[in-house]
Amino acid sequence: MAASLFSTLTIRDVTFRNRIVVSPMCEYSSQGGFANDWHFVHLGSRAVGGAGAVLTEAAGVTADGRISPVDLGIYRDEHVEPLARIFRFVEAHGAVPGMQLAHAGRKASTSEPWKGGTPVAVEDGGWTPIWAPSAIPFRDGWQTPRAMTPDDIGGLVRAFASAARRVLQAGGRVVEIHAAHGYLLHEFLSPLSNHRDDAYGGSFDNRTRIVREVVEAVRAVWPERLPLWIRHLQKSHQRTPRTTFHICAAGLPKCLETGNAPGKSSKK
Ligand SMILES: Cc1cc2nc3c(=O)[nH]c(=O)nc-3n(C[C@H](O)[C@H](O)[C@H](O)COP(=O)(O)O)c2cc1C
């Protein structure tokens, strides 16, 4: 086991010095989406510490797609240079720098965990509307999201691609799409949060469509020589009294690979 963990790993044209990846971790330390000295120390110190790859926290592909007002963002060209400074340092210390791209969906505009992780009002720096596949709040008393139109979805897909282009400009060599933890893409995958009856809801093929579109759009700007990762969670990120829906987890990678729908959701 130890031999594998500390052996090199090559994915596409990128060789990692070992298999230790610093997982994305929200730092709640950004203003206006900009990376700063906090992120420099958080990410840079893990590179100095010997990790094979160092990923940033979930970075909002749009301003209203941030989980909290103090999350990283990658929705403006001005976000590139502060990130590039960090990525240069990470590279200089032998780790592969990467960024996780995210949209928080109906869990956007919430506070830091130590302040409750609950909705932040507009007057306190939060925002409205927030977006989701269907107009269903994450919890009772939380902001009701606006259901995205097909045009909104097209804009989101383009925002993921623009964000990936900025990561490339900053010198990132891994980009990861966040499709887990109950955020927007995961919300489309789950029949609990996706009640749509159009091409993005209903069947497994339809619920996974947005993820396939995002992957294709990102890959179109992200060079073939660089790894494109996706984070997925096999169950819905929502507690219901006695039910957890599992979203055909085994089928999703296959689905992304082939563009086909290999299975159905199951109920446990
Ligand atoms: C403070 C904190 C912030 C996190 N932020 C993110 C995030 O931005 N994106 C993400 O995919 N996971 C996030 N996670 C989950 C971690 O990436 C990781 O999966 C989790 O800590 C469990 O570790 P493990 O996957 O090694 O078991 C966060 C975890 C913590 C503790």
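Provided above is the structure to which this section pertains.
Okay, so let's go over this structure. Per-chain numbering applies: the sequence of each chain, read as written, is numbered from 1 onward. Local features in this predicted model are restricted to residues whose pLDDT is 70 or higher, and side-chain atom pairs enter the listing and the counts only when it is 80 or higher, whereas totals over whole chains, interfaces and linings include all residues.

What follows covers helix α7 (residues 209–221). Look at α7: 19 Å from first C-alpha to last across 13 residues, which is about the 18 Å you get at 1.5 Å a residue. For every residue, the other C-beta atoms within 10 Å of its own C-beta are counted; 20 or more classify it as buried, 12 or fewer as exposed, and values in between as partly exposed. C-beta atoms are placed from the backbone. In this text, helices come from DSSP runs of H or I with a minimum length of four residues, and strands from runs of E with a minimum of two, each type numbered from the N-terminal end. Within the span of α7, buried status applies to Arg209, Ile210, Val211, Val214, Val215 and Val218. To estimate how far a helix should reach, multiply one less than its number of residues by 1.5 Å.

A set of buried Ala, Val, Leu, Ile, Met, Phe, Trp, Tyr and Cys residues, joined through C-beta atoms within 7 Å, is what we mean by a nonpolar core. Core analysis: the biggest nonpolar cluster contains 58 residues, and Ala53, Val54, Leu101, Phe160, Ala164, Leu185 and Val218 have the highest contact counts within it. Of the residues forming this core, the biggest block, 8 residues, is contributed by helix α4 (residues 150–169).

Moving on, we get to the environment of Arg106. One can find Arg106 in the loop between β5 (96–102) and β6 (131–132). Sequence spacing of Arg106 and Arg146 is 40 residues, and the spatial spacing of their C-alpha atoms is 8.5 Å. In this description, any two residues whose backbone-derived C-beta atoms lie within 7 Å of each other are considered to be in contact. If near-sequence neighbours (up to four positions away) are discounted, Arg106 is found in contact with Ile130, Ala132, Pro137, Phe138, Pro145 and Glu187.

Attention shifts here to the sheet that holds strand β9 (residues 228–232). To summarise the sheet geometry, strands pair through backbone hydrogen bonds and adopt either a parallel or an antiparallel arrangement. Two strands are said to pair when DSSP picks up at least two bridges between them. Here 5 strands make up an open sheet; going across it, the order is β3-β4-β5-β8-β9 and the pairing parallel. Single-partner strands in this sheet number two, and they are β3 (21–22) and β9. Pairing of strand β4 (residues 53–60) with β5 involves 6 bridges; the strand directions are parallel. By the bridge assignment, Val54 is partnered in β5 with Pro97. The sheet strands contacting helix α2 (residues 37–48) are β3 and β4, and the helix crosses β4 at an angle near 155 degrees. Each axis is a line fitted through C-alpha atoms, taken for helices only over the stretch in contact, and angles between the N-to-C directions span 0 to 180 degrees.

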